[in-house]
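Observations on the model geometry
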Amino acid sequence: MTSYERVLRFALSKGIVFPSCEIYGEAPAGFWEYGPLGVRLRNRFIEAWRRELVRRDEMIEIDGSQIMTKRVFLASGHLESFADPITKCRGCGSIFRADKLIEEKTNISVPERLSDSEISMMLEDRGIRCTNCNGELSEVTRFNMMFKVSVGPSGDEAYLRPETCQSIFVDFLRIYKTTTNKLPLALCQIGKSFRNEISPRQSILRQREFYQAEIEVFFNPKKADEFDKFEQYKDYALMLQPLNEDKAVKVTPSEAVASGLISNRLIAYYLVLIQRFYERLGINRESVRLRQLDSEERAFYARESWDLEVKTSLGWLELVACNNRGDYDLTRHMEVSGQDLSVVDDGERIVPHVFELSMGVDRSLYLLLEHLYLTDSKRTILRLPYHLAPIQVAVFPLVDKGELTKLAERIYNDLKVDFDSFYDSRESIGRRYRKMDELGTPFCVTVDHQSLEDGTVTVRDRDTMSQIRVPASELKQRIQRLLEESWGRACDRGLGES
RNA sequence: GCGGCCGUCGUCUAGCCUGGACUAGGACGUGGGCUUUCCGAGCCCGCAACCCGGGUUCAAAUCCCGGCGGCCGCACCA
C-alpha cells in the first residue's frame, strides 16, 4: 500500500474528506466534501495561515465573490488563455488537443496566438486525421476550463472564478484608498476557485472546486529592494532550485538577491515567509524546495515564478505558486474597465507590480496528513502540531461508573465551549487513548478515583504519553497555555537551522 | 477524453474464472450488555455492502452491453 492510499483510507474511514454527491452514481469526479474532522483541520490550517502570514506581515484579508462578470476574465486573459484548442474525430468521437496533435505529427510548433480557424486550416493542409480510427477531424473549437454561469432571468454571462486573486486586483484601488494608502500593500483572500479540469485525479490534489489561499503583494518595482522587512530573514536558509538544476541548495536571501537569482529583496522576503510557513507546520526543511520555472512552465501572466514544492510519496507536490505578475493584471483591468487603477508612490504616479503567493489549501492538508500520519511499533499517531489538531482535548472517566461519569461529563461540558472537545466513556481507557492518538488529539483528560477526593484530574500528553495532575478548576487555563506553547515550539523548529 | 487494470458493509476483504447451497462470510469499525479500573484485554447480542441501468438465463455479486467512478500512463494543472 502506498502512502497516498494509506492516507486516503485513513481520511475516508474517519470521515475527514470524502467524494461529493456519492450516493448518486452519476456524480462527476473532482468534487470533495470535508467531513467533521476535515473542517476543523482546515480551520486550524487557515488559522495558522492567518497567524503566520497574514497577521505577522500585516496583510489585509478580503472575501470576494465567486461569480464574476465576463469582462473580468476578458481582462485577466482567462477567456483566451485558459482555453485549449480541441478537435473531435467525426468517426470515433476521440477528442484531441489540436495544437499538440499538429506538433506531434509535423514537429511544427503551433503558437498560442493562432485563431481556431488558422489551426483548423493547419490540420486540413497537413492532412492530419484521427490517430485512433483515421477518421476526419472537426473544426477546431475551444474547451475553456472556466465554468460559465448565467446570471438572472436575462442570463447575463458570468464565470466562476478560476483563481481567487482576480477580486483582489479588481478591488485593489478601493482597498488601497480605504486602508493604508501606501505601498507595498499585501492583500489576501482564502476561498474557493473553480476549474473545469479535463481529468480530475487523486482526490483532493486535483479538484474542480478547491480552496486557494492567495496573497497579492502590490509594490513599486523601483523600490522592491528598499524593503526593511528583508533584514530579519536575510540569512535564512532558502531551499532554492534554480533553472537547469536538478536539486535544491541552501541559499540565503542575501546571496540570492546579490547573484540575481531572485530579482529583488521583496520577493526574497516573501519566499522566506512561505517556506518558513510550511516548516512551522511540522514539515522538514529537507523536504521543501522552491523550484524556479522557465518561460515554458510559467503561467501566461508571470515573468518570474517559483513553485514551492514538498516531497511526498507521489513525488514533488506543488503547493504554492509564487509569481511575479508584474503590472499585467492592473494594466489589463485598466484597459478593459476604462478605470484608472494607478496610485501615487514617492511622488510618482505608477501602476503597482504584484508578487503573488498562491497556495493550494486542500493539497497542503493532504501533505500534512501524509507527512504526519505515522505508525511506529506501538502506536499510530497523527503528529500534527498541537495547535492544528481537529480535536484539542478529550475527556474520559477512567471507568464508566456513577460519580466518575458525572464529574467527567461536567468537566467536558465546561471545556467544550472553549475547545474542540471530545467525550468518551466506552471500552478500556487504553483504547480510548489510542484512538485519540490516531486523530492527533494532543491532550486527554481523565477523571479517576482521586478526582472525587481532591478535585484533580490527569492530563495525558499525546507524544510522550506522560501525565500530569491538574486541579480541574485550572484545566481551561492549562490547556490554553499548552496550546500556546505549541505555536512557540513550531517557531523554534522553523528557525532552528537558519 | 483515450488506452490498460479495477468497482462487495463505514474501512479492508472472501466469493466472481467454473451462474444455483450467498437469508453474501470474515476482520476492523460501530450500537447495547456483562466484565475491567490508566495505555488498541475478554465474552454475549445487534448494525452494516454486491456502483447505476439494461440484457442473457428457470436462476446473476458471478456472464454480456452501456453509463458513472477509482488507479496507472498520455495531456492539463493549485
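Residues numbered from 1 in each chain as written. Chains lettered and ligands numbered in written order. Predicted model: local features only at pLDDT ≥ 70, side-chain atom pairs only at ≥ 80, totals over all residues. Heavy atoms only, no water.

**Some remarks on the overall build of chain A**
Applied cut-off: Helix and strand definitions follow DSSP, with helices as H or I runs of at least four residues and strands as E runs of at least two, each counted in order from the N terminus. We call a residue buried when its accessible area falls under 20% of the maximum for its residue type, exposed when it is over 50%, and partly exposed in between, using a 1.4 Å probe and counting protein chains only. By definition, residues are in contact when any of their heavy atoms lie within 4.5 Å. Surface exposure here means Shrake-Rupley accessible area, sampled with a 1.4 Å probe, where a residue is shielded only by the protein chains that are shown. His is not counted, nor are the chain ends; Lys and Arg add positive charge and Asp and Glu add negative charge. Charge placement uses NZ in Lys and CZ in Arg. For Asp and Glu, CG and CD serve respectively.
In terms of regular secondary structure, chain A is built from 15 helices and 26 strands. Projected onto the principal axes, the alpha-carbon positions of chain A cover approximately 90 × 60 × 50 Å. Counting only residues that meet the buried cut, chain A has 53% of its 498 residues in that class. For chain A, the share of sequence-separated contacts (at least 6 apart) that also reach a separation of at least 24 residues comes to 67%. With the model as given, the accessible surface of chain A reaches about 23400 Å², and the carbon-plus-sulfur share is 47%. Of the charged side chains in chain A, 70 are positive and 78 negative; the average position of the first set lies 4 Å away from that of the second.

**Observations regarding the nonpolar core**
Applicable threshold: Take the buried Ala, Val, Leu, Ile, Met, Phe, Trp, Tyr and Cys residues and link them wherever side-chain atoms come within 4.5 Å; each set so joined is a nonpolar core. Where each domain begins and ends follows an automated or database-derived domain assignment.
In terms of nonpolar packing, the biggest core is built from 84 residues, with Trp49, Ile262, Tyr270, Ile274, Tyr278 and Met359 touching the most fellow members. Counting residues per element, this core draws most heavily on helix H9 (residues 265–280), which supplies eleven residues. Among the domains, domain 1 (3–75 + 152–372) and domain 3 (381–496) are the pair contributing at least three residues each to this core. Discounting residues that sit within four places of it in the chain, Ile274 has contacts with Leu53, Leu290, Leu308, Val320, Cys322, Leu357 and Met359.

**Concerning helix H1 (residues 3–13)**
Applied cut-off: Directions pointing from the helix axis toward each C-beta atom define the arc.
Among all positions in H1, only Tyr4, Val7, Phe10 and Ala11 are buried. End-on view of H1: buried residues confined to an arc of 130°, all on one side of the axis. For H1, the exposed residues set more than 90 degrees away from the buried face come down to Arg9 and Ser13. At its buried positions, H1 is contacted by strand E1 (17–19), helix H11 (361–372), strand E20 (373–375), strand E21 (380–382) and helix H13 (429–439).

**What about the sheet that holds strand E14 (residues 288–292)?**
Inclusion rule: When DSSP finds two or more bridges between a pair of strands, those strands are recorded as paired. Axis lines are fitted through C-alpha atoms, for helices just across the contact stretch, and the angle between N-to-C directions can take any value from 0 to 180 degrees.
Spatial strand order, E3-E10-E11-E19-E16-E15-E14-E12-E13: nine strands in an open sheet with mixed pairing. Each edge of the open sheet is held by one strand with a lone partner, namely strand E3 (60–62) and strand E13 (249–251). The mean inter-strand angle of the sheet, taken between neighbouring strand axes irrespective of direction, is 30°. Examined bridge by bridge, strand E15 (residues 304–312) and strand E16 (residues 315–326) share nine bridges and lie antiparallel to one another. The residue of E16 that forms the bridge with Ser305 is Asn323.

**A few points about the environment of Met146**
By the secondary structure assignment, Met146 is in the loop between strand E7 (141–144) and strand E8 (148–151). Taking relative accessible area as the criterion, Met146 reaches 5% and is therefore assigned buried. Taking the C-alpha atoms as reference, Met146 lies 34 Å from Lys182; in sequence the two are 36 residues apart. Not counting chain neighbours up to four residues away, the residues in contact with Met146 comprise Phe73, His78, Leu79, Phe82, Tyr159 and Pro162.

**Re the side chain of Gln392**
Summarising the element assignment, Gln392 is placed in the loop between E21 and strand E22 (393–397). In contact with Gln392, other than residues within four places in its own chain, are Arg44, Phe419, Asp420, Thr441, Pro442, Phe443 and Leu483.

**Quick notes on the sheet that holds strand E26 (residues 467–471)**
One open sheet accounts for five strands, arranged E23-E22-E24-E25-E26; its pairing is mixed. The open sheet has two edge strands, strand E23 (421–423) and E26, and neither has a second partner. Going from strand to strand, the sheet's axes swing by 25° on average, the running direction of each strand aside. Where E22 lies against strand E24 (residues 443–447), five bridges are found, and the strand directions are parallel. Note that in E24 the partner of Pro397 across the bridge is Val447. In the packing of helix H12 (residues 402–415) onto the sheet, contacts are made with E22, E23, E24 and strand E25 (456–461), and the angle to E22 comes to roughly 165°. Seen against the sheet, H13 touches E22, E23, E24, E25 and E26 and runs at an angle of roughly 170° to E22.

**Examining the layout of surface pockets**
Here is the rule: For each structure, a 1 Å grid was placed over the protein atoms alone; sets of points admitting a 1.4 Å probe that cannot get out are labelled cavities, open sets with protein on both sides within 12 Å along at least five of seven lines are labelled pockets, and lining residues have an atom within 4 Å of a point. Grid points are joined across faces, edges and corners, and a volume is the space filled by probe spheres set on the points. In this classification, Asp, Glu, Lys and Arg are treated as charged, Ala, Val, Leu, Ile, Met, Phe, Trp, Tyr, Cys and Pro as nonpolar, and every other residue, Gly included, as polar.
Its boundaries defined by the atoms lining it, the second largest pocket holds a volume of some 470 Å³. Around the second largest pocket, the lining is made up of 19 residues, and of these Lys182, Leu183, Pro184, Leu185 and Lys229 lie nearest the centre. Within the residue set of the lining of the second largest pocket, elements represented by two or more residues are strand E10 (185–194) and H9. By residue class, the composition of the lining of the second largest pocket is nine nonpolar, two polar and eight charged.

**Focus: the domain arrangement of chain A**
Split into domains, chain A comes out as domain 1 (3–75 + 152–372), domain 2 (83–144) and domain 3 (381–496). Centre-to-centre separation of domain 1 and domain 2, based on C-alpha positions: 33 Å.

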